[in-house]
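Residues per chain are reported as follows:
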Amino acid sequence: MAKKRIILDLTDEKDGVTGTGQYLNAIFPGKVLCGIAGYTKNIPFLVDCGSFQGLDNIDQLNTTFNFDITSPEFSILTHAHLDHYGRYPLAMSQGFHAPVFTTYPTKTFLSEVFLQDCLKIEKRRAKKLDAQSLYTETEIQEFEHCMVPCNFNQKIVYNHNITIHFFDNGHVPGAAVTLITISYPDCEDMNIVITGDYNNRNDFFQVKPLPEWIYELPNVSVIIEATYGGTKSSDLREKCFIDNVVRALSEGKTCIVPAFSFGRTQEVLYKLKIAQDMCILPPRFEIFLDGKTAIHTTSLFQNGAFKMHPNAKDFLPDNLTIVEDKTMRNFLIHENYLPKIFVSSSGSGSYGPSQTYINKYMNNPMAMIHATGHIFPDSKLGRLRDDDSIVAQFFDTDEFSAHAKQEVLVDFVKPFKNLKSVFIHHGEDESKKELAYSLKEICNASIHILSSNKVFRMISDGTSEEFPRFSDSNVPIR
Ligand SMILES: [Zn+2]
Ligand SMILES: [Zn+2]
């Protein structure tokens, strides 16, 4: 009689630089025939369910699913970024009510701040199209109820076939590297390690390495992100943010610093604080923080939403003022001519008070606009960067990136002793290819770039294969 084997099928829900969602299906051996001869039950599950950004067909991508969204029995949410959680409320409105395992800080950030943002974005989209919102406060609350907050470094038992562990990840507070172990009597375990968006360090908290025992596990497959898969640390430009800000202020200019609300804003404030402590940035220059979500998120950082490094607790710079409302913003813009710093959301410049500051200052020779994140070409900052007619100074920098560079990603994969497959996703095509190339040089595992057109089948005896996904099928894997 043939040896029993577990099958695990994996497909990317849709292709995109961001906008993450993987559909997996664990198929177990048994006596009753179902779908595949000799296999009896299956547990479909979902890793992340994010929104897409900056694509032509973005509306279609963000309002649909490429599979039966009611079928996953559970889900893993790797962290609280919109491109990973943005479509869960939509999933709720279409009948998905499964538990979503995530970490305590991720649930806190979502419940306290970001889910309301998500609802605002959907309402804005519906208004623009003169259509009904696809979900409401009810679905937001349903999603909150579905989230199962978990501790790091603890075994979470989903059922007797599946266990989950969350480990440290420096990408943003609450982000986790996830291990899913799939077991069945008389079969070898299968172990899936999911990096989510990944970094091995963070200014605000300690990022412990993975425990040694994880490297000894049998049948390991890694799903790894590749945002900077083609970038080596040595490719990065010199750090310039503080120098640019200090120079502009000394020339009497006002600095506009658009920053993403979660992580980036707090990192920018912390950098300004360190510059003050080192007497590089004179504390007489006022710093203003504007943007409801950024202000609220900053207060969650202060109020212990996650375990912060003791040195980082005092991260707010001196002479920092919160911009309370439009009246105060208008006063600062129109009646305060002193050189100062505005840190405001959004980081793309396309939403929130950043738009107001950019519009007001872009043609002012006494202003400097400093991007702090990736610039999408069709964002406000993207258009500004490519517009030679603007008068204000414009700078950008890659020094704030929350994603690991190529060598860190390669080092993540290297120590697994029983690595069978690596699946690459999240990033430009070129970055994925370059990461695949450098991984091929260091390991014997089969390296795949995830795609929504293919199903990748892993088997507990260590073999794997891939085959086309039928695009008209709602349930991709049977
Ligand atoms: Zn992401
Ligand atoms: Zn992220």
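Residues numbered from 1 in each chain as written. Chains lettered and ligands numbered in written order. Predicted model: local features only at pLDDT ≥ 70, side-chain atom pairs only at ≥ 80, totals over all residues. Heavy atoms only, no water.

For the chain, the count of helices and strands is 13 helices and 21 strands. A compact globule built from 478 residues should have a C-alpha radius of gyration of about 23 Å, and the chain, at 23 Å, falls within 12% of that. For the chain, the spread of C-alpha atoms along the principal axes amounts to about 85 × 50 × 40 Å. Per-residue burial over the chain gives 56% buried out of 478 residues. At a minimum sequence separation of 6, the contacts of the chain that also span at least 24 residues come to 73%. Accessible surface for the chain amounts to roughly 20700 Å². Of this, 50% is attributable to carbon and sulfur atoms. Across the chain, the 47 positively charged side chains and the 58 negatively charged ones have centroids separated by 1 Å. (Helix = DSSP H or I, 4+ residues; strand = E, 2+ residues; numbered from the N terminus. Rg over C-alpha atoms; globule rule 2.2 N^0.38 Å. Buried < 20%, exposed > 50% of the residue type's maximum accessible area, 1.4 Å probe, protein only. Contact = heavy atoms within 4.5 Å. Areas by Shrake-Rupley, 256 points an atom, 1.4 Å probe, with all protein chains shown as cover. Lys, Arg positive; Asp, Glu negative; His and termini not counted. Charge placed at Lys NZ, Arg CZ, Asp CG, Glu CD.)

As a further point, take the domain arrangement of the chain. Each assigned domain of the chain is listed here: domain 1 (7–232 + 404–468) and domain 2 (237–395). Domain 1 and domain 2 are separated by 32 Å when their C-alpha centres are compared. Opposite the 18 residues of domain 1 that make contact, domain 2 presents 19 residues. Summing both sides of the interface, domain 1 and domain 2 together bury roughly 1800 Å²; the carbon and sulfur share of this comes to 73%. Among the residues domain 1 hides against domain 2, the three largest losses belong to Phe109, Asp203 and Phe204. Together they make up 37% of the total. Counting the contacts that link domain 1 with domain 2 gives zero salt bridges. For the pair domain 1 and domain 2, the number of links is two residue pairs in polar contact (both at pLDDT 80 or more). Here the residues of the side of domain 1 that touches domain 2 are counted per class, giving nine nonpolar, five polar and four charged. (Domains from an automatic or database assignment. Buried area = accessible area lost by both parts, 1.4 Å probe. Salt bridge = Lys/Arg side-chain N within 4 Å of Asp/Glu carboxyl O. Polar contact = N/O pair within 3.5 Å; in protein donor to acceptor, adjacent residues only side chain to side chain. Nonpolar A, V, L, I, M, F, W, Y, C, P; charged D, E, K, R; others polar.)

A separate point is empty space enclosed by the protein. Per the stated rule, a full pass over the model turns up three cavities of 30 Å³ or more. Approximately 60 Å³ is the volume attributed to the second largest cavity. If you trace the second largest cavity, you find 13 residues lining it, with Met190, Ser221, Lys420, Met458 and Ile459 closest to the centre. Of all the secondary-structure elements, those providing two or more residues to the lining of the second largest cavity are strand 10 (190–194), strand 11 (220–225), strand 18 (419–425) and strand 20 (454–459). In terms of residue class, the lining of the second largest cavity is made up of five nonpolar, seven polar and one charged. (1 Å grid on protein atoms, 1.4 Å probe; cavity = no way out; pocket = protein on both sides within 12 Å on 5 of 7 lines; lining within 4 Å. Points joined across faces, edges and corners; volume = space filled by probe spheres on them.)

With that settled, the discussion passes to the coordination of the zinc ion (ligand 1). Looking at the zinc ion (ligand 1), the protein donor atoms are Asp83 (OD), His84 (NE2), Asp197 (OD) and His426 (NE2), and they sit 2.1 to 2.2 Å from it. In this structure, the zinc ion (ligand 1) is surrounded by four donor atoms whose angles at the metal cover 89 to 160°, and the resulting shape is irregular. Donor residues for the zinc ion (ligand 1) sit on one chain with the sequence pattern D-H-x112-D-x228-H. Separating the zinc ion (ligand 1) and the zinc ion (ligand 2) is a distance of 3.5 Å, and Asp197 donates to both of them. Taken as a pair, Asp197 in the loop between strand 10 and strand 11 and His426 in the loop between strand 18 and helix 13 (429–442) lie far apart in primary sequence, 229 residues in all. In this structure Asp197 comes out as buried when scored by relative accessible area, which is 2%. According to the relative accessible area criterion, His426 is buried, its value standing at 5%. (Donors = N, O, S within 2.8 Å, 3.2 Å for Na, K, Ca; no water. Tetrahedral: all angles 85-135°; square planar, octahedral: opposite > 155°, others 65-115°.)

Turning next to the sheet that holds strand 11. Read across the sheet, seven strands follow the order 7-8-9-10-11-18-19 without closing on themselves; strand pairing throughout is mixed. Single-partner strands in this sheet number two, and they are strand 7 (156–159) and strand 19 (446–449). With direction set aside, neighbouring strand axes in the sheet form an average angle of 20°. Note that strand 7 and strand 8 (residues 162–168) share three bridges and pair antiparallel. Note that in strand 8 the partner of Val157 across the bridge is Thr163. (Pairing = 2+ DSSP bridges. Axes fitted to C-alpha atoms, helices over the stretch in contact; angles between N-to-C directions.)

What follows concerns the sheet that holds strand 15 (residues 340–344). Read across the open sheet, the six strands follow the order 14-13-15-12-16-17; overall the sheet is parallel. The outermost strands of the open sheet, each flanked by one partner alone, are strand 14 (320–322) and strand 17 (393–395). Between one strand axis and the next, the sheet turns through 20° on average, direction left out of account. Looking at chain direction, strand 13 (residues 286–290) and strand 14 are connected through three bridges and run parallel. By the bridge assignment for strand 14, Ile287 is matched with Leu320.

Next up on the list: the coordination of the zinc ion (ligand 2). Taken together, the protein donors to the zinc ion (ligand 2) comprise His79 (NE2), His81 (ND1), His171 (NE2) and Asp197 (OD), at separations of 2.1 to 2.3 Å. What the four donor atoms of the zinc ion (ligand 2) show is an angle range of 92 to 162° at the metal, which sorts the shape as irregular. Along the chain, the residues that donate to the zinc ion (ligand 2) are spaced as H-x1-H-x89-H-x25-D.

It is worth spelling out the confidence of the model for the chain at this point. For the chain, the average pLDDT comes to 92, and 95% of its residues sit at 70 or higher. The low-confidence segment residues 472–478 (pLDDT under 50) makes 21 contacts with residues lying over four places distant or belonging to another chain. (pLDDT = per-residue confidence, 0-100.)

Taken N-terminus to C-terminus, the directions of helix 7 (residues 264–277) and helix 8 (residues 292–302) make an angle of 70°; their axes are 9 Å apart at the nearest point. Here helix 7 lies roughly perpendicular to helix 8, going by the angle between them. Our pair here, helix 7 against helix 8, has a crossing hand that is right-handed. When helix 7 is examined against helix 8, the residues Thr265, Gln266 and Leu269 are found in contact with a partner set consisting of Ala294, Thr297, Thr298 and Phe301. (Parallel < 35°, antiparallel > 145°, perpendicular 65-115°, else oblique. Left-handed = near helix turned anticlockwise from the far one by under 90°.)

A pair of packed helices is captured by two measures, namely the crossing angle of their axes and the spacing between those axes. Two elements in contact, helix 4 (residues 104–128) and helix 8, have axes whose closest approach is 10 Å; the angle formed by their N-to-C orientations is 170°. As far as their axial angle goes, helix 8 and helix 4 are roughly antiparallel. Residues Phe109, Glu112, Val113, Phe114 and Asp117 of helix 4 form the contact with helix 8, whose own contacting residues are Thr293, His296, Thr297, Leu300 and Phe301. For the contact of helix 4 with helix 8, the residue count by class is five nonpolar, three polar and two charged.

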